[in-house]
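Here is what each chain is made of, one letter per residue.
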Amino acid sequence: TMTIHNENHIVEVHVRSGVYSSDTIFDYSRGYIATRLLSKNVCFIMKINKDYIPELQEIGRLAFERKTMKKIYSPNNVWVQFQSGHSVFGNFKDWLLYGRPIEQLCAGLPLYQ
């Protein structure tokens, strides 16, 4: 499911698909995306790259959620490729940078930035 909070410039995407289940927050006001992989209990955080990530208004214009989900999570669209490496636990400075919604999603989990 997808929820768009235009007033806060935030989009929440919840995917429930067994081992591939995840929660993602697009925080357009801060310029970051965070994805929590539920099966791995980790969080990935990256800056929004406007060349690859749809604008909030573009997502809002797409009328049907399924169409949006297929476009965003299409195997043809690879936004970033994470490689296993060093993780950190978020600290006060991280949460100031990423904002409260991402902190609520990722606090207490290893972060891959």
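See the structure shown above.
Right, let's walk through the structure included here. Computed from a predicted structure; not experimentally measured.

The next subject is the overall build of the protein chain. Of regular secondary structure, the protein chain possesses four helices and seven strands. When its helices and strands are written in sequence order, the protein chain yields β-β-β-β-β-α-α-β-α-α-β. Among the 113 residues that make up the protein chain, the fraction classed as buried is 36%. Accessible area of the protein chain: about 7400 Å², with a carbon and sulfur share of 51%.

With that settled, consider the environment of Leu96. Its location among the elements puts Leu96 in helix H3 (residues 92-98). Owing to a relative accessible area of 51%, Leu96 belongs among the exposed residues under this scheme. It is 9.9 Å that separates the C-alpha atoms of Leu96 and Arg30, two residues lying 66 residues apart in sequence.

Throughout the structure, instances matching the rule amount to two salt bridges. With a closest N to O distance of 3.3 Å, Glu103 and Arg100 form a salt bridge. Note that Glu103 and Arg100 are positioned in helix H4 (residues 100-106) at a spacing of three residues, about one turn of the helix.

This part is about the pairing of strand E1 (residues 2-5). Summarising the sheet, E1 and strand E2 (residues 10-15) pair through four bridges and their orientation is antiparallel. Bridge assignment links Ile4 to a residue of E2, and that residue is Val11.

Enumeration according to the criterion identifies four aromatic pairs in this entry. Each ring, one from Phe26 and one from Tyr28, has its centre 6.3 Å from the other, and the planes form 15°; the classification is stacked. A relative accessible area of 1% places Phe26 in the buried class. Given a relative accessible area of 17%, Tyr28 falls into the buried group.

About the cut-offs
Residues numbered from 1 in each chain as written. Predicted model: local features only at pLDDT ≥ 70, side-chain atom pairs only at ≥ 80, totals over all residues. Heavy atoms only, no water. Helix = DSSP H or I, 4+ residues; strand = E, 2+ residues; numbered from the N terminus. Buried < 20%, exposed > 50% of the residue type's maximum accessible area, 1.4 Å probe, protein only. Areas by Shrake-Rupley, 256 points an atom, 1.4 Å probe, with all protein chains shown as cover. Salt bridge = Lys/Arg side-chain N within 4 Å of Asp/Glu carboxyl O. Pairing = 2+ DSSP bridges. Phe/Tyr/Trp six-rings, centres within 6.5 Å; stacked < 30°, edge-to-face > 60°.

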